[in-house]
Amino acid sequence: VQLQASGGGLTQAGGSLRLSCAASGIQFSLMNMGWYRQAPGKQRELVAAIGRAGSTNYADSVKGRFTISRDNAKNTVYLQMDSLKPEDTAVYYCNAYNRLFGVDSWGQGTQVTVSS
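Cut-offs applied
- Residues numbered from 1 in each chain as written.
- Predicted model: local features only at pLDDT ≥ 70, side-chain atom pairs only at ≥ 80, totals over all residues.
- Heavy atoms only, no water.
- Pairing = 2+ DSSP bridges.
- Helix = DSSP H or I, 4+ residues; strand = E, 2+ residues; numbered from the N terminus.
- Axes fitted to C-alpha atoms, helices over the stretch in contact; angles between N-to-C directions.
- Salt bridge = Lys/Arg side-chain N within 4 Å of Asp/Glu carboxyl O.
- Buried < 20%, exposed > 50% of the residue type's maximum accessible area, 1.4 Å probe, protein only.
- Disulfide = S-S within 2.5 Å.

Undergrad: Hey, could you run me through the sheet that holds strand S7 (residues 66-71) in this one?
TA: With antiparallel pairing, the 4 strands of this open sheet are ordered in space as S1-S3-S8-S7. Edge positions in the sheet fall to strand S1 (2-6) and S7, since each of these pairs with one other strand and no more. The average angle at which neighbouring strand axes cross in this sheet is 15 degrees, direction not considered.

Following this line, the structure appears as structure tokens:
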């Protein structure tokens, strides 16, 4: 299983970034996909998740600002991040999960930095 995250970078507060995570080696359409983040000195936390059927859930801190989506034809999950805040600064990781298939895999992370 390989998860390749991209799209991170540096932006100012109020800006936008779009993260992508391309998956290979798994039957992507059967995976629950999530974006997590870890800021320095903090625990990794769930940002957003999307189920196999497209249901979504978000951390309270990003509701209304971030949108998770998936394209099963491209084996890719996206995280559109708008109205970014300095507190969104973290390394963002994508995750593929399906307990039935014994899959719980992580990408390498992509840095997002939001300046004030």
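There is more to say after this.
Undergrad: What should I look at first to understand the pattern of salt bridges in this one?
TA: When charged atoms on two side chains of opposite charge get close, those side chains can pair. Here the structure, examined in full by the defined rule, presents 4 salt bridges. In this structure, Asp88 engages Arg37 in a salt bridge whose closest nitrogen and oxygen atoms are separated by 2.9 Å. Placement of Asp88 in the loop between strand S8 (76-81) and strand S9 (90-98) and of Arg37 in strand S4 (residues 32-38) is noted, with a sequence separation of 51 residues between them. With a relative accessible area of 6%, Arg37 lands in the buried category. We note a salt bridge from Lys63 to Asp60, for which the minimum N-O separation is 3.1 Å. By relative accessible area, which is 64% here, Asp60 ends up exposed. A cluster of three or more residues bridged by salt bridges with shared partners is formed by Arg37, Glu45, Arg65 and Asp88.

Undergrad: I would appreciate a short explanation of the state of the cysteines in the present structure.
TA: Any covalent bond linking the sulfur atoms of two cysteines counts as a disulfide. Evaluated as defined, the whole model comprises 1 disulfide. Disulfide partner of Cys21: Cys94, at an S-S distance of 2.0 Å. The chirality of the disulfide connecting Cys21 with Cys94 is right-handed, given an S-S dihedral of about 50 degrees. Taken together, the residues span a long stretch of sequence, with Cys21 in strand S3 (residues 17-24) and Cys94 in strand S9 at a distance of 73 residues. Overall, the relative accessible area of 0% leaves Cys94 in the buried class.

No statement about biological role is implied by the geometric values presented.
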